[in-house]
Amino acid sequence: MEESPAWRPEARGYFEAWSAPQEARAGPTLFSVLNELPSAATVRFRGPGVLPWGALEEQDEDDKSYTQAFTEAEYMDLQDPRPSRELPWPMQARRAHRKSLARDQMARGSGSRADWARKLRRCRQKIRESWHRLQPWAWTLNKIGGQFGAGTESYFSLLRFLLLLNVLAAVLTACMTLLPTWLEGAPPGPPSLGVSSPCGPYNPNPQGLLSFSSQIFNLLSGEGYLEWSPLFYGFYPPRPRLAITYLCSVFVTGLLCLLLILHRSVSGMKQTLLAESGTLTSYSHRVFSAWDFGLCGDVHVRLRQGTILFELQVELEEAAVRRQATVQTLGQQARVWLVRGLLNLLVIGLLGAAFYGVYWAMETSVQLQEQPFVQQTALLKLGVNYLPSVFISGVNFVLPPVFKLLAPLEGYTRSRQVVFILLRTVFLRLASLLVLLFSLWKQITCEGNAEAPDCKTCGYNYKELPCWETRLGQEMYKLLIFDLLTGLAVMLLIQFPRKLLCGHCPGALGRLLGTQEFQVPDEVLGLIYAQTVVWVGSFFCPILPLLNTAKFLLLFYLKKFTLFSTCSPASRTFRASTVNFFFPLVLLLGLAISAIPVLYSIFLIPPSKLCGPFRGQPSIWNRIPESIHSLPQTAQNALFFLGSQAFAVPLLLVSSILMAYTVALANSYGRLISELQRQVETESRNKVFLAQRAVALSSVPGGL
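The written sequence of each chain sets the order in which its residues are numbered from 1. Selection of residues for local features in this predicted model requires a pLDDT of at least 70, selection of side-chain atom pairs for listing and counting requires 80 or more, and totals for whole chains, interfaces and linings are taken over all residues. Hydrogens and waters are ignored; side-chain quantities use all the structure's heavy atoms.

Let's shift gears to helix H19 (residues 520-537). Secondary structure elements follow DSSP: runs of H or I of four or more residues count as helices, runs of E of two or more count as strands, with numbering from the N terminus. Expected span of a helix: the number of residues minus one, times 1.5 Å. Over its 18 residues, H19 runs 26 Å from end to end, which matches the ideal 26 Å to within 8%, given 1.5 Å per residue. Burial here depends on accessible area, computed with a 1.4 Å probe over protein chains only, as a share of the maximum for the residue type. Under 20% is buried, over 50% is exposed, and the range in between is partly exposed. With 17 of 18 residues buried, H19 lies mostly within the body of the structure.

pLDDT is defined as a per-residue confidence score from the predictor, taking values between 0 and 100. For the protein, the mean per-residue pLDDT works out to 75, and 74% of the residues sit at or above 70. Taking the mean pLDDT of every element in the protein, the minimum, 44, falls on helix H2 (residues 55-58) and the maximum, 89, on helix H20 (residues 544-566). For the stretch residues 1-27, pLDDT sits under 50, and the model shows 33 contacts to residues farther than four places along the chain or on other chains. Below pLDDT 50 for its whole length, residues 49-64 participates in 39 contacts with residues either more than four positions away or in separate chains. The contact rule is simple, with two residues in contact once any of their heavy atoms fall within 4.5 Å.

Quick look at the nonpolar core now. Think of a nonpolar core as a cluster: buried Ala, Val, Leu, Ile, Met, Phe, Trp, Tyr and Cys residues, connected wherever their side-chain atoms sit within 4.5 Å. With 69 residues, the main nonpolar core has Leu428, Leu433, Met476, Leu479, Phe539 and Phe614 as its most contacted residues. Excluding its chain neighbours within four sequence positions, the residues that come into contact with Met476 are Leu433, Leu436, Leu437, Val533, Val536, Gly537 and Leu544. Formed by 40 residues, the second largest nonpolar core is a distinct cluster that contains Phe148, Val419, Phe556 and Ile593.

Moving on: the packing of aromatic side chains. Any pair of Phe, Tyr and Trp rings, taking the six-membered ring for Trp, is counted once the centres come within 6.5 Å. Such a pair is stacked with planes under 30 degrees apart, edge-to-face with planes over 60 apart, and tilted for the rest. Tallied over the entire structure, the rule returns 21 aromatic pairs. Between Phe232 and Tyr477 the ring centres are 6.0 Å apart and the planes differ by 80°, which places this aromatic pair in the edge-to-face class. With Phe232 in the loop between helix H8 (212-221) and helix H9 (240-277) and Tyr477 in helix H17 (residues 468-504), this residue pair connects regions lying 245 residues apart in the sequence. According to the relative accessible area criterion, Tyr477 is buried, its value standing at 5%. Residues Phe235 and Tyr236 carry aromatic rings whose centres are separated by 5.5 Å and whose planes lie at 80° to one another, so their mutual orientation is edge-to-face. Assessed through its relative accessible area of 9%, Phe235 is described here as buried. Owing to a relative accessible area of 0%, Tyr236 belongs among the buried residues under this scheme. Three or more aromatic residues joined by ring pairs make a cluster, and in this case those are Trp182, Tyr233, Phe235, Tyr236, Tyr246, Trp468, Phe539, Phe540 and Phe614. Against the face of Phe564 rests Lys143, its NZ or CZ located 5.2 Å from the ring centre. Over the ring of Phe161 we find Arg264; its NZ or CZ atom is 4.8 Å from the centre of that ring. The criterion for a charge sitting over a ring is simple: Lys NZ or Arg CZ within 6 Å of the ring centre, and within 35 degrees of the ring normal.

We now examine the state of the cysteines. In this description, the term disulfide denotes a pair of cysteine sulfurs within 2.5 Å. This model, assessed by the stated rule, comprises two disulfides. Across the disulfide, Cys446 is cross-linked to Cys455 (sulfur-sulfur distance 1.9 Å). Given an S-S torsion of about 85°, the disulfide between Cys446 and Cys455 has right-handed geometry. Like Cys446, the residue Cys455 is buried in the burial classification.

See the structure below:
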């Protein structure tokens with residue numbers, strides 16, 4: 001690329017040679033009329049030293065006064081105290097402005113308050129840029145966005161965010177659960193067989209020698225030698241301090257995840273509001289303002305070109321759909337709504353059948369586990385244990401493509417279709433998980449009947465589940481393992497063979513078999529489902545966040561390799577700002593759903609009497625009031641005041657007042673913005689009208 005010549009503001013003679021002298025006219029010229037319009041002020045945004053529109057045709061030798069005035073205006077522009085990066089000028093004009101400010105600064109010294117403010121602003125900017133460079137896989141995400149669109153990039157950005165959440169959760173668990181377990185001494189072993197208990201015997205360790213296949217089956221199911229290990233709840237001893245840190249780690253992790261997701265959703269909401277309002281989605285913005293003039297290198301240039309191309313493609317597709325919707329007749333609109341209603345009824349029926357299937361699989365698994373022939377065959381026992389996981393994964397594998405086929409028939413834009421597919425798929429996945437948890441709840445609590453014979457003695461079904469917390473952790477562990485195995489099987493057995501067929505089958509058949517797109521909705525819901533499983537099981541399986549960290553790390557590189565080796569850019573793209581706001585909302589929904597079984601277990605279900613740090617307590621939460629009573633009286637009064645109505649009611653009133661004030665302020669700002677937009681539209685129409693009148697008058701001799 002040729003280097004552009006240096007911009008010299010003192011070289012004023014170049015524009016005087018642009019046009020030859022013209023004959024003098026009687027009266028004002030068209031150029032002088034146009035220069036008086038408000039639109040002439042916008043020429044200053046092109047940078048100093050640039051002539052207004054129309055100067056090339058209308059300037060003559062008698063316009064020396066205007067040339068002198070324009071030179072003075074240019075000099076005033078160069079004295080603008082704002083930083084160069086904040087001025088909407090070309091790069092050459094910014095360099096000249098930066099040099100001018102540097103000369104003035106050296107002349108007057110560098111100890112002023114404005115200079116310190118400028119240095120502080122630059123320091124913050126450098127820290128922000130350094131933090132952006134320190135983020136892992138930043139270059140990889142830019143490359144994915146340039147080649148496959150911002151929608152595909154949003155999936156990998158979400159995967160990176162979830163990886164951060166799991167790393168933080170794993171660190172907190174290690175510091176608040178694992179370290180206190182060994183700092184107070186080695187944890188004791190499982191209860192011995194000779195110890196009698198009203199809640200029955202519990203012996204998690206297998207007896208005798210185990211074959212290699214049994215070891216593998218135990219690894220996949222979490223039973224055997226893994227059942228009494230730091231992986232599950234039952235391993236941790238009943239120590240008061242450990243019980244407090246164990247419980248606090250769950251609350252701290254949940255609160256930290258909530259704050260980070262809210263922060264991400266708020267930042268995504270800003271982009272979504274701008275995108276939906278149409279302020280930044282016009283074609284002129286994409287064409288004239290989306291380019292980054294600081295790019296260096298052909299690779300970065302091509303990636304940026306690809307990103308702008310995908311954005312324009314999204315705008316054109318959604319504009320075509322909206323244009324078709326505006327010209328529909330009443331009968332066509334009624335037909336569209338009828339089709340949408342029928343499709344939604346079909347979706348509800350499919351979801352209901354899927355939920356019943358999950359419930360049936362769980363009940364059948366419980367019944368088969370009691371059969372002698374299942375207990376005697378290790379492989380059959382493993383298959384029965386994994387029956388609910390297999391059914392859930394099968395439903396999640398079959399129904400999302402059906403939802404994808406139904407979405408285009410409803411007549412929505414591509415971005416709206418993605419939102420509906422996400423809603424239906426997330427409802428399928430999370431509701432399937434809730435059905436599984438409901439089946440486990442029926443087993444643990446004897447269907448909620450505390451007076452049942454199996455639950456009357458200990459408050460839970462101690463005959464089938466002597467350590468029900470570990471059993472719940474094993475179910476979440478199996479869901480995590482099977483989800484990883486399913487993803488690997490799809491890559492190795494479906495995606496890569498399909499790509500190989502593309503090379504061996506020529507013509508249209510090869511393109512049909514080999515061309516595959518990266519399905520962002522399905523992949524995103526897989527991430528959210530896996531993260532929800534981890535949030536549910538992290539209380540009963542403390543090492544689950546660490547396992548999920550390794551899984552997401554492996555998944556990132558596998559998905560990246562699959563994307564670049566087997567997938568092609570999407571034929572139809574969607575707006576990334578919409579999903580960047582919607583993804584955190586679905587994450588918040590998953591976090592809320594995961595909190596229901598965890599909080600219910602903590603407050604209402606009695607803990608197991610033979611395992612875990614809360615054994616012997618009427619409830620898991622009961623350990624917290626006991627710890628508070630051991631504190632000094634002043635601390636007790638303060639903590640009890642925070643939990644009383646005397647504190648809750650004023651806090652609720654103050655929060656309501658602040659919320660009402662914030663809503664009123666937001667509404668006033670919205671009305672002000674709408675009024676300013678109307679004024680801008682009015683001024684635009686005035687400029688067009690004045691320009692048309694000026695052209696009409698200039699065509700009449702002596703009109704101006």
